[in-house]
Amino acid sequence: MANVGIVIVSHSSKVAEGAADMVRQMVGTTVPVAHTGGNPDGGLGTAVDGILTAIDRAWSDAGVAILVDLGGAETNSEMAIEMLPAARQARVVVCNAPVVEGAVMAATESSGGATLDAVKRAAEELMAN
Amino acid sequence: MMDQVVQRKLIQAVAETMIAHAGELTSLDQAIGDGDHGLNMKRGFEGVLADIDSLASQSLPDALKAIGTQLVMKVGGASGPLYGTLLMTLGKGMPADPTLDDIGRCFGAAVDAVKARGKSDIGQKTMLDVLAPAHAELAKGGANLAARISTAAFCAAEATKPMKALRGRASFLGERSIGHMDPGAQSSALMITTVCRVLGG
């Protein structure tokens, strides 16, 4: 079974790119990682089409865990999930975790072949501490 | 079917209103948000205007769903999914030739969908503070309805000024959000008053 994919959504394309870079350097390339950030005009923001593309790029049959920063990133990610084909919707989750640390924790868990639920829990443990 | 001429007029009027008020919405958003609401709505409704021939020729429910999808894809921020959800849900249960009751029922479902999407409710200084009172007025029915809904929406947007923001970027400001009209409430009021003007006038 493939490893769970990780999608990083930030209002800043640089934060999203940097967080994805950290994941690749710390966890390696066995986990599919994609990132998206910024609005279509090059400013801060998040956009549903960018998130849909990132989900597609990080797609894994084991599912995809999305890490988000501020409010709009979460709203847009939830909207993007609803716009996916029905068969994919149940295999994508938004994690309630800090974007950078959560992405690294989620990817670490995923690299060991964990399920989507376990990957989400690993990211969200950061909030419980 | 809704008259295609009326449908075209309606879509065009709403889009032109949002584009014309981009500056006003942006200055409201600069006070308590991140200052992009006007520009984001303008970008979304420019997309709608570019598609108007196709939108005007579709059935009303299909046109509403298509406009919702355009807004989701083009507006960005939190407003894109919120307005997209509003219009897509409005289209979902709408018959091609709706009665006033149909419109009230679908608008109620759309307001609930916006609450769920934004994990928000009335009284938190958001677009819901305009949508909900406008829906309540619509549900009452009776004489002079379009003008009454317009007035309710306009007053409801004004009434967000003394509120303290509890959702969205403005909530980071806490007490300092008090005294400013909510930009999403204002864009909702502009949309509703425009619909009332076209359909009721």
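Look above for the structure.
What counts and how
- Residues numbered from 1 in each chain as written.
- Chains lettered and ligands numbered in written order.
- Predicted model: local features only at pLDDT ≥ 70, side-chain atom pairs only at ≥ 80, totals over all residues.
- Heavy atoms only, no water.
- Axes fitted to C-alpha atoms, helices over the stretch in contact; angles between N-to-C directions.
- Helix = DSSP H or I, 4+ residues; strand = E, 2+ residues; numbered from the N terminus.
- Parallel < 35°, antiparallel > 145°, perpendicular 65-115°, else oblique.
- Left-handed = near helix turned anticlockwise from the far one by under 90°.
- Contact = heavy atoms within 4.5 Å.
- Nonpolar A, V, L, I, M, F, W, Y, C, P; charged D, E, K, R; others polar.
- Phe/Tyr/Trp six-rings, centres within 6.5 Å; stacked < 30°, edge-to-face > 60°.
- Lys NZ or Arg CZ within 6 Å of the ring centre and 35° of its normal.
- Buried area = accessible area lost by both parts, 1.4 Å probe.
- Salt bridge = Lys/Arg side-chain N within 4 Å of Asp/Glu carboxyl O.
- Buried < 20%, exposed > 50% of the residue type's maximum accessible area, 1.4 Å probe, protein only.
- Pairing = 2+ DSSP bridges.
- Right-handed = clockwise from strand over helix to strand, strands pointing away.
- 1 Å grid on protein atoms, 1.4 Å probe; cavity = no way out; pocket = protein on both sides within 12 Å on 5 of 7 lines; lining within 4 Å.
- Points joined across faces, edges and corners; volume = space filled by probe spheres on them.

Q: Residue-level account of the packing of helix α2 (residues 48–57) of chain A against helix α3 (residues 71–83) of chain A, with values.
A: Residue and element names in this part refer to chain A. It is at 9 Å that the axes of α2 and α3 come closest, and there the two elements cross at 60°. With respect to their mutual orientation, α2 and α3 come out oblique. As α2 runs across α3, the sense of the crossing is right-handed. Taking contact as the criterion, the partners of Val48, Ile51 and Leu52 in α2 are, on α3, Ala73, Asn76, Ser77, Met79, Ala80 and Met83. Of the residues assigned to the contact of α2 with α3, the class counts are seven nonpolar, two polar and no charged.

Q: Describe in detail the packing of aromatic side chains, supporting the description with residues and values.
A: The geometry of an aromatic ring pair is captured by two quantities: the separation of the ring centres and the angle between the planes. Scanning all chains against the criterion turns up zero aromatic pairs over all chains. The ring of A:Trp59 has A:Arg88 sitting right over it, with the charged end atom 3.9 Å from the ring centre.

Q: Explain the interface of chain A and chain B to me, using residue names and the numbers behind them.
A: Across the boundary between the two partners, chain A contributes 17 residues, which contact 16 residues of chain B. Buried area between chain A and chain B, summed over both chains or domains, comes out near 1,400 Å², and the portion from carbon and sulfur atoms is 56%. The three residues of chain A that bury the most area against chain B are A:Thr75, A:Met79 and A:Met83, which together make up 33% of that side's buried surface. There are three salt bridges connecting chain A and chain B. In this structure, the salt-bridge partner of B:Arg117 is A:Glu82, at a minimum N-O distance of 2.8 Å. Listed by contribution, the elements that provide at least two residues to the side of chain A that touches chain B are α2 and α3 of chain A. Top contributing element to the side of chain A that touches chain B by residue count: α3(A), with eight residues. The class makeup of the residues in the side of chain A that touches chain B is seven nonpolar, five polar and five charged.

Q: Break down the environment of A:Trp59 for me, citing the residues and quoting the values.
A: All names here are of chain A. For Trp59, the location among the structural elements is in the loop between α2 and β3 (64–68). For the pair Trp59 and Ile6, spaced 53 residues apart in the sequence, the C-alpha separation amounts to 8.4 Å. The residues contacting Trp59, other than those within four sequence positions of it, are Val64, Arg88, Arg91 and Val92.

Q: Pulling in residues and values, what's your account of the pairing of strand β1 (residues 5–10) of chain A?
A: Residues and elements named next belong to chain A. For β1, the tally of buried residues reaches six of six residues, placing the bulk of the element in the interior. Here β1 shows two buried faces, one formed by Gly5, Val7 and Val9 and the other by Ile6, Ile8 and Ser10. When β1 meets β3, the two strands line up parallel, connected through five bridges. Residue Val7 lies in a different strand from β3, and its bridge partner there is Ile66. This β-α-β element, β1 to helix α1 (residues 13–27) to strand β2 (residues 33–37), shows right-handed connectivity.

Q: Outline the side chain of B:Gln70, listing residues and values.
A: All names here are of chain B. Here Gln70 is to be found in helix α5 (residues 60–74). Overall, the relative accessible area of 11% leaves Gln70 in the buried class. Among residues more than four places away in sequence, those in contact with Gln70 are Gly47, Val48, Asp51 and Val75.

Q: Please give an account of empty space enclosed by the protein that cites residues and values.
A: Summed over the entire model, instances satisfying the criterion amount to one cavity of 30 Å³ or more. If you add up the space inside the largest cavity, you get close to 40 Å³. Surrounding the largest cavity, A:Gly71, A:Glu74, A:Thr75, A:Glu78, B:Arg117, B:Lys119 and B:Arg167 form its lining. Take the lining of the largest cavity: its biggest share by element is four residues, from α3(A). Here the residues of the lining of the largest cavity are counted per class, giving no nonpolar, two polar and five charged.

By themselves, these figures tell us nothing about what the structure is for.
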